[in-house]
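Spelled out, the chains give:
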Amino acid sequence: MLTCYLDLKSHYSIKQAYGSPEVLVDRAKELGCTSVALTDYNSISGCINFAEACKKKGLKSILGCTFSIKESGRITVLAKNLDGWKSLIKLVSLSYTSEFFDSINEKPYLTLNKLKEFGTNLVFIIGVPGDLIHNGIFQKSVQHLNRDGVITEIVTDPLVMLNGIYEHLEGFSVYVGLSPNNTDYTNWFNEVVRDSGLPAVILSNAH
């Protein structure tokens, strides 16, 4: 059993997760967790209630967010400290501005470069379910829109994508997320990451 959940979603991840921050904290306490992170999709709306609930239960709260990123699908971001929390607030706000918000799909996005502007007090976790790396492995190819607006299929080595994103965020705290689920796919991916020598953490991916 994990003692710290780093990829936990609440009902603030609309239509993708269930459970209030308070209920999730109660369950984490029952499972013997000493600390737990809240990482809702493109939202930090539950973080204050989550932090207060953790304090009451004697758990360390880790505040975070899973951002939709144009270059890599998704990336989980955790605040190291108070300045990191302030950065999360700014980043979420930016993702809903006209510069980044996708009005057609009604979805907020950010870029890796924008994350780097605020990265000093943040921890980045790549390789999370739903990002370009996992999609590329699962689909064996990645859809790419070229300059002429034509969708082409590009077969890409996931380790090349993994290293590319890692190098793009070089100089910051970056980890690759490993899955505790015992499946052929996750076991293979975890082994690829371990062989790469990149720093890694275990993700719960709990919804």
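Fair warning: this is a prediction, and the values are worked out from it, not measured in the lab.

> Pulling in residues and values, what's your account of the nonpolar core?
Generally speaking, a soluble globular protein has its nonpolar side chains buried in company with each other. F67, I75 and L115 are the most contacted members of the largest nonpolar core, which has 42 residues in total. Listed in part, the nine residues of the second largest apolar core include A37, I62, I125 and V201.

> I'd like a description of the side chain of S43, backed by residues and values.
Tracing the backbone shows S43 in the loop between strand 2 (35-38) and helix 2 (47-57). Residue classification places S43 among the buried residues on the basis of a relative accessible area of 10%. Side-chain polar atoms of S43 contact the backbone nitrogen of S45, separated by 3.1 Å. Setting aside anything within four residues of it in sequence, one finds S43 in contact with Y12, G64 and C65.

> Let's hear about the state of the cysteines: which residues, and what values?
Summed over all chains, the structure comprises zero disulfides. Left without a disulfide partner, C54 is nearest to the cysteine sulfur of C33, which lies 9.5 Å away.

> Describe in detail unusual backbone geometry, supporting the description with residues and values.
Backbone geometry at K15 places phi at a positive 65°, although glycine is not the residue there. Turning to its location among the elements, K15 is positioned in the loop between strand 1 (4-5) and helix 1 (21-30).

> Explain the environment of V128 to me, and be specific about the residues and the numbers.
By the element assignment, V128 lies in the loop between strand 5 (122-126) and helix 5 (132-139). In this structure the C-alpha to C-alpha distance between V128 and S179, which are 51 residues apart in sequence, comes to 8.6 Å.

> So, the packing of aromatic side chains: which residues are in play, and what are the values?
Under the counting rule described, the total for this entry stands at two aromatic pairs. Ring centres of F124 and F172 lie 6.1 Å apart, and the angle between their planes is 80°; this geometry places the pair in the edge-to-face category. Of this pair, F124 sits in strand 5 while F172 sits in the loop between helix 6 (158-168) and strand 8 (173-178), and the two are 48 residues apart along the sequence. On the basis of relative accessible area, F124 is assigned to the buried category, the value being 0%. The exposure class assigned to F172 is partly exposed, which follows from its relative accessible area of 25%. Taking the ring centre of Y41 as reference, the NZ or CZ of K9 above it sits at 4.7 Å.

> Hey, could you go over the sheet that holds strand 2 for me, with residue numbers and the actual values?
Strands sit in the order 1-2-3-4-5-8-9 across an open sheet of seven strands; the sheet is mixed. One side of each edge strand has no neighbouring strand; the edge strands of this open sheet are strand 1 and strand 9 (200-202). Strand direction decides the pairing type here: strand 1 and strand 2, joined by two bridges, are parallel. Across the sheet, residue Y5 finds its bridge partner in strand 2, namely V36. Across the face of the sheet, helix 2 comes into contact with strand 2 and strand 3 (60-69) while running at roughly 155° to strand 3. Of the strands in this sheet, strand 3, strand 4 (73-79) and strand 5 are in contact with helix 3 (residues 82-95), which crosses strand 3 at around 30°.

> Lay out the environment of Y5 in plain terms, naming residues and giving numbers.
On the secondary structure map, Y5 appears in strand 1. Taking the relative accessible area as the measure of exposure, Y5 reaches 13% and is therefore buried. The spatial distance from the C-alpha of Y5 to the C-alpha of S35 is 7.3 Å, given a sequence separation of 30 residues. Among residues more than four places away in sequence, those in contact with Y5 are L31, C33, S35, V36, A37 and S204.

> So what about the pattern of salt bridges? Which residues, and what values?
Should their charged atoms come close, side chains of opposite charge can pair. All chains considered together, the criterion is met by four salt bridges. Of the charged contacts in the structure, one is a salt bridge between D26 and K57, with a shortest N-O distance of 3.5 Å. Here D26, found in helix 1, pairs with K57, found in helix 2; they are 31 residues apart in sequence, far enough to count as distant. Judged by relative accessible area, D26 falls into the partly exposed class, the value being 33%. Across the pair E30 and R27 runs a salt bridge, and its minimum N-O distance is 3.0 Å. In this pair, E30 and R27 both sit in helix 1, three residues apart, roughly one turn of the helix. The exposed category is assigned to E30, whose relative accessible area is 59%.

How each quantity is defined
Residues numbered from 1 in each chain as written. Predicted model: local features only at pLDDT ≥ 70, side-chain atom pairs only at ≥ 80, totals over all residues. Heavy atoms only, no water. Core = buried A, V, L, I, M, F, W, Y, C linked by side-chain atoms within 4.5 Å. Buried < 20%, exposed > 50% of the residue type's maximum accessible area, 1.4 Å probe, protein only. Helix = DSSP H or I, 4+ residues; strand = E, 2+ residues; numbered from the N terminus. Polar contact = N/O pair within 3.5 Å; in protein donor to acceptor, adjacent residues only side chain to side chain. Contact = heavy atoms within 4.5 Å. Disulfide = S-S within 2.5 Å. Phe/Tyr/Trp six-rings, centres within 6.5 Å; stacked < 30°, edge-to-face > 60°. Lys NZ or Arg CZ within 6 Å of the ring centre and 35° of its normal. Pairing = 2+ DSSP bridges. Axes fitted to C-alpha atoms, helices over the stretch in contact; angles between N-to-C directions. Salt bridge = Lys/Arg side-chain N within 4 Å of Asp/Glu carboxyl O.

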